[in-house]
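The primary structure of each chain is shown beneath.
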Amino acid sequence: MARLVFEDVTKRFDDVVAVDRFNLTINEGEFVALVGPSGCGKTTSLRMLAGLEPISDGAVHVGATNVTRLAARDRNLAMVFQSYALYPHLTAAENIGFALTLKKMSKSEISARVQQAAERMGIAHLLHRRPKELSGGQRQRVAVARCIVREPAAFLFDEPLSNLDAKLRGTARIEITRLQKALGITTLYVTHDQVEAMTMADRIVIMEGGRIRQIGAPMELYNNPCDLFVATFLGSPAMNVLSGALVRGATGAFFSAGPVSVALPDSVECAAGPATLGLRPEQIRARQADAAGDLNLPALVVHVEKLGAETLVQLEVEGLPGLELTARLAGTPALARGDHCSFSVPGSALYLFDSAGRTIPIRRAAPAASALPALSAVS
Ligand code: ATP
């Protein structure tokens, strides 16, 4: 395993700046996910590290080596593509051992390594099959086994789960994360799926428009997003947002949007003006506010989705027609379409953003506990 470093890396395609001064160090054994909307530069960044795309400016390092000018095959990086890129005319065993054959390793050594990797991926019984005789999930395992046998300096994954159905994706997420931890191999993982990034990575890099927006551990980003983009990108259902204004009056600062108003702590440092309030769906409670500083939301229930363990409720806040919020409530509360109810959000769980979308720190304490019940450990 090796440390991976992007040093001020820029990629231009004619007049398009696909990646703009990208700086990132991935520590030995670390799993970093690169996430962001389509076209933000994720794949281009990965391909520049892999040696599949020339760099316009900057440098990339694998361990102590500056590999910027090395050919892809000399970088000792193993890559799993979205398409898996398996050779259709070779069996699974031949696909897995292909790179070892190129290295002129002995047949017995190749066979032993292929067998070991296939057992690890649970595909030892499929080694004689060609890719077209394998399911999507099995092909994905062959592609990962092909990486493992090479004992590379790092794994590079480019949307490796996109072609799997939702259930298989869930299983494969866990398998890849456990494998990466067991092998301790430095990993860069590109995905547009924030759930994959949140659940698999040690750290997440959020990109937008070719630039890094924020880097951090998943829950650090979730709880302390630097701006509205990051706040609304992470989380499913996404954070609710209310456009309004920060007002400073004789009694202190407050946020106001039509009839909705909430007092802010005196410590809020921001000039009065347009602002946005952010509310995570799981922080909305189906009851009146408990304390001063909490946000009260009298609302009409417009849709209810009972999912068993939790219920998603669409609300229309009274006095703010056209604005729908999503609440994520534990269990199956007795709510139905057409009900008029009191909802609230604790003051400590509110997010505030200025007119440029930057986070204004207002949180009074550590992030409030989710309204959903905590999981208890099974002894
Ligand atoms: P997706 O999730 O859709 O794969 P991405 O975040 O991986 O997107 P990239 O594929 O890295 O994005 O593309 C970044 C930008 O560079 C986009 O604007 C894209 O159109 C542009 N781009 C990528 N490859 C080329 C190319 N070969 N020629 C010109 N422009 C390109």
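We now turn to the structure provided with this report. (Residues numbered from 1 in each chain as written. Predicted model: local features only at pLDDT ≥ 70, side-chain atom pairs only at ≥ 80, totals over all residues. Heavy atoms only, no water.)

**A word on unusual backbone geometry**
Part 1: A cis amide bond links S236 to the next residue, P237, at an omega of -5°.
Part 2: Mapped onto the elements, P237 comes out in the loop between helix 8 (228-233) and strand 11 (240-249).
Part 3: Unlike most non-glycine residues, R21 shows phi in positive territory, near 45°.
Part 4: Relative to the helices and strands, R21 is located in strand 2 (residues 16-26). (Helix = DSSP H or I, 4+ residues; strand = E, 2+ residues; numbered from the N terminus.)

**Digging into the pairing of strand 7 (residues 154-158)**
Part 1: Summarising burial for strand 7: 5 of the 5 residues are buried, a large majority.
Part 2: Because side chains alternate across strand 7, one face comprises the buried residues A154, L156 and D158, and the other comprises F155 and F157, equally buried.
Part 3: Sheet analysis places strand 6 (residues 77-80) next to strand 7, joined by 4 bridges and oriented parallel. Counterpart to L77 in the pairing with strand 7 is A154.
Part 4: As paired elements, strand 7 and strand 8 (residues 186-191) share 5 bridges and run parallel to each other. The partner of F155 across the bridge, within strand 8, is T187.
Part 5: Crossover connection from strand 7 via helix 5 (residues 166-183) to parallel strand 8: handedness right-handed. (Buried < 20%, exposed > 50% of the residue type's maximum accessible area, 1.4 Å probe, protein only. Pairing = 2+ DSSP bridges. Right-handed = clockwise from strand over helix to strand, strands pointing away.)

**So, the sheet that holds strand 2**
Part 1: The strand order across the open sheet formed by 4 strands is 2-1-4-5, and the pairing between neighbours is antiparallel. Every other strand in the sheet has two partners, leaving strand 2 and strand 5 (65-66) as the edge strands with one partner each.
Part 2: Of the pairings in the sheet, the one linking strand 4 (residues 57-62) to strand 5 comprises 2 bridges and is antiparallel in character. Paired with V62 across the two strands is T65, which belongs to strand 5.
Part 3: In this fold helix 1 (residues 42-50) packs onto strand 1 (4-13), strand 2 and strand 4, with an angle of close to 115° to the strand it touches most, strand 1. (Contact = heavy atoms within 4.5 Å. Axes fitted to C-alpha atoms, helices over the stretch in contact; angles between N-to-C directions.)

**Section: the sheet that holds strand 11**
Part 1: Overall, antiparallel pairing links the 6 strands, which are arranged 13-12-11-14-19-20 in an open sheet. Across the chains shown, the open sheet's two edge strands, defined by having one partner strand only, are strand 13 (260-263) and strand 20 (359-360).
Part 2: Two strands pair when backbone bridges link them, and strand 12 (residues 252-257) and strand 13 are joined in this way by 4 bridges, in the antiparallel orientation. For F255, the partnering residue across the bridge sits in strand 13 and is V262.

**Examining the packing of helix 2 (residues 92-102) against helix 3 (residues 107-120)**
Packed helices, taken two at a time, are described by the angle their axes make and the gap between the axes.
Part 1: Axis separation between helix 2 and helix 3 bottoms out at 9 Å; the angle between their running directions is 130°. By the criterion of interaxial angle, the relationship of helix 2 to helix 3 is oblique. Note on packing geometry: the crossing formed by helix 2 with helix 3 is right-handed. Along the contact surface, helix 2 presents A93, I96, G97, L100 and T101, while helix 3 presents I110, R113 and V114.
Part 2: Class assignment for the residues of the contact of helix 2 with helix 3 results in 5 nonpolar, 2 polar and 1 charged. (Parallel < 35°, antiparallel > 145°, perpendicular 65-115°, else oblique. Left-handed = near helix turned anticlockwise from the far one by under 90°. Nonpolar A, V, L, I, M, F, W, Y, C, P; charged D, E, K, R; others polar.)

As far as function goes, none of this settles anything; it's purely spatial.
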